[in-house]
Every structure is written in structure tokens, then in C-alpha cells.
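Survey of secondary and tertiary structure
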Amino acid sequence: MLLESILRVITIAFSIYSFMLIIYILMSWVPAVQQSGFGRLLAKACEPYLGIFRKFIPPIGMIDFSPIIGILLLSFIERGIKIVFLNIFSLIA
């Protein structure tokens, strides 16, 4: 019961952040939206994470692939955390 609740919270948190990243990426196509309060809020939440990848993955032409890598890595991190929690709880139970 506790394990299911923890895994559900982890899944929801990672899903919300992934959607935030996708919305932030799509907002880059409309500069006026980026300058809104919501856009600045998303920038504060997403830019630190995406900035890590932008240091290592340069844009190719006008296309920035770093958000794609960031979202994929976020998915791998979520899966890894779930596996760790499942292993910890299987040892305890």
C-alpha cells in the first residue's frame, strides 16, 4: 500500500515535469508567450535542467535536440528510481 502510493507520487511528479518541459519547448515557437508570467515561471523551472544538456549538445542548424535528450533522460531516471524503490521494499518485506 505504501509502496504503491510512493510509486504513484513519483510517476505523477515526473509526468508533470515532463509535460512542463514539452509546454516550455512548444512555447519557444511563440516568443510572446515566453514573456508572459506563465512563460517566465516555466523558464525558471525548466531552464536549469535543460541548460545542462545545452552545454554539451549544440543545436544543429535551427533545431535544438537537447530537450529531446533531456526528456529521454528524465524517463530513464524515473524508471531507475522506481526500480530502486521496488528493490528496497522487496528487501524490507
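Above this note sits the structure.
Here we take up the nonpolar core. Counting 12 residues, the largest nonpolar core is built from Ile10, Phe14, Tyr17, Leu21, Tyr24, Met27, Leu42, Cys46, Tyr49, Leu50, Phe53 and Leu74. For this core, the secondary structure elements donating two or more residues are α1 (2-27) and α3 (37-56). Of all the elements, α1 adds the most residues to this core, at six residues. Apart from the residues lying within four places of it in its own chain, the contact partners of phenylalanine 14 are Leu74, Ile77, Glu78 and Ile81.

Attention now goes to the packing of aromatic side chains. Evaluation of the coordinates by the stated rule reveals three aromatic pairs. Ring geometry for tyrosine 17 versus tyrosine 49: centroids 5.9 Å apart, planes at 75°, classification edge-to-face. Of the two residues, tyrosine 17 is situated in helix α1 and tyrosine 49 in helix α3; the sequence distance between them amounts to 32 residues. Under the relative-accessibility criterion, tyrosine 49 is labelled buried at 14%. Look at tyrosine 49 and phenylalanine 53: their rings are 5.1 Å apart centre to centre, the planes differ by 75°, and that puts the pair in the edge-to-face class. Placement of both tyrosine 49 and phenylalanine 53 in helix α3 is noted, with a separation of four residues, approximately one turn of the helix. An aromatic cluster is built from Tyr17, Tyr49 and Phe53, whose rings are joined through pairwise contacts.

This paragraph deals with α3. An ideal rise of 1.5 Å per residue puts 28 Å on 20 residues; α3 measures up with 29 Å between its terminal C-alpha atoms. Helix geometry: α3 is bent most strongly at glutamate 47, by close to 45°, with proline proline 48 lying one to four residues after it. Listed in full, the buried residues belonging to α3 are Gly39, Leu42, Cys46, Tyr49, Leu50 and Phe53. Check the buried side of α3 and you find it contacts α1, α2 (31-34) and α4 (66-92).

Our focus in this paragraph is the pattern of salt bridges. Evaluation of the coordinates by the stated rule reveals three salt bridges. For the salt bridge of aspartate 64 with arginine 54, the shortest nitrogen-to-oxygen distance reads 2.9 Å. Of the two residues, aspartate 64 sits in the loop between α3 and α4 while arginine 54 sits in helix α3, which places them 10 residues apart along the sequence. According to the relative accessible area criterion, aspartate 64 is partly exposed, its value standing at 27%. The partner of glutamate 78 in a salt bridge is lysine 82, with the nearest N and O atoms 3.3 Å apart. Residue glutamate 78 and its partner lysine 82 are both found in helix α4; the two are separated by four residues, about one turn of the helix. The partly exposed category is assigned to lysine 82, whose relative accessible area is 23%.

Rules used throughout
Residues numbered from 1 in each chain as written. Predicted model: local features only at pLDDT ≥ 70, side-chain atom pairs only at ≥ 80, totals over all residues. Heavy atoms only, no water. Core = buried A, V, L, I, M, F, W, Y, C linked by side-chain atoms within 4.5 Å. Buried < 20%, exposed > 50% of the residue type's maximum accessible area, 1.4 Å probe, protein only. Helix = DSSP H or I, 4+ residues; strand = E, 2+ residues; numbered from the N terminus. Contact = heavy atoms within 4.5 Å. Phe/Tyr/Trp six-rings, centres within 6.5 Å; stacked < 30°, edge-to-face > 60°. Expected span 1.5 Å × (residues − 1). Bend = angle between axes of the 7 residues up to and from the residue. Salt bridge = Lys/Arg side-chain N within 4 Å of Asp/Glu carboxyl O.

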